[in-house]
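Structural overview for review
Residue strings, one per chain:
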Amino acid sequence: MAIAKQYLKTKPVCKVTFTVPAEDAKKVAVVGDFNDWSPKGSTLKKLKNGTFKGTFDLPKENTYEFKYLVDGEYINETEADRYQWNDYAGSENAVLEL
């Protein structure tokens, strides 16, 4: 798993690319507080090598909690900036700091 951040000079956004190796998965989405934890519109595209990848424009100077939704199962990003306990989920969420 990986996260790549590209800050734009002309706009107050950061292009964030999420990469998830999941050869056997049928569907992978990134969900978090930046999209109300909804997989709609946040599905990653499956590449020929079995990796799922997607890029999203997120407002910079913010912190976001998120997880990957892989075939209905929530998975944390191993390269997150940090982790935050979430009482609602009863587990830690990955945190993205822009």
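Throughout what follows, the structure given in this document is the object of discussion. (Residues numbered from 1 in each chain as written. Predicted model: local features only at pLDDT ≥ 70, side-chain atom pairs only at ≥ 80, totals over all residues. Heavy atoms only, no water.)

1. A few points about the environment of Lys-53
As for its placement among the helices and strands, Lys-53 is situated in strand S5 (residues 51–59). Lys-53 sits in the partly exposed class, given a relative accessible area of 40%. Between the alpha carbons of Lys-53 and Pro-21 there is a distance of 8.6 Å; along the sequence they are 32 residues apart. Not counting chain neighbours up to four residues away, the residues in contact with Lys-53 comprise Thr-17, Phe-18, Thr-19, Leu-44, Lys-45 and Leu-47. (Helix = DSSP H or I, 4+ residues; strand = E, 2+ residues; numbered from the N terminus. Buried < 20%, exposed > 50% of the residue type's maximum accessible area, 1.4 Å probe, protein only. Contact = heavy atoms within 4.5 Å.)

2. Quick look at the nonpolar core
Ranked by size, the top nonpolar core spans 21 residues in total, and within it Val-16, Phe-18, Val-28, Leu-44, Phe-66, Tyr-68 and Leu-96 carry the most contacts. Elements with a minimum of two residues in this core: strand S2 (13–21), strand S3 (28–32), S5, strand S6 (63–70) and strand S9 (91–97). Those residues within four positions of Phe-18 in sequence are excluded, and the remaining contacts are Ala-2, Ile-3, Val-30, Leu-44, Phe-52, Lys-53, Gly-54, Phe-56, Phe-66, Tyr-68 and Leu-96. (Core = buried A, V, L, I, M, F, W, Y, C linked by side-chain atoms within 4.5 Å.)

3. Description of the packing of aromatic side chains
Applying the stated rule across the entire model yields 5 aromatic pairs. Centre to centre, the rings of Phe-34 and Tyr-64 are 5.7 Å apart; their planes meet at 85 degrees, and the pair counts as edge-to-face. Here Phe-34 is found in the loop between S3 and strand S4 (45–46), whereas its partner Tyr-64 is found in strand S6, with 30 residues between them in sequence. Between the aromatic rings of Phe-66 and Tyr-68, the centroid separation amounts to 5.8 Å while the plane-to-plane angle is 80 degrees, which identifies the pairing as edge-to-face. You'll find Phe-66 and Tyr-68 in the same group, each marked buried. Each residue in the set Phe-18, Phe-56, Phe-66 and Tyr-68 is aromatic and connected to the rest through ring pairs, giving one cluster. (Phe/Tyr/Trp six-rings, centres within 6.5 Å; stacked < 30°, edge-to-face > 60°.)

Any functional reading would require information that these geometric values do not contain.
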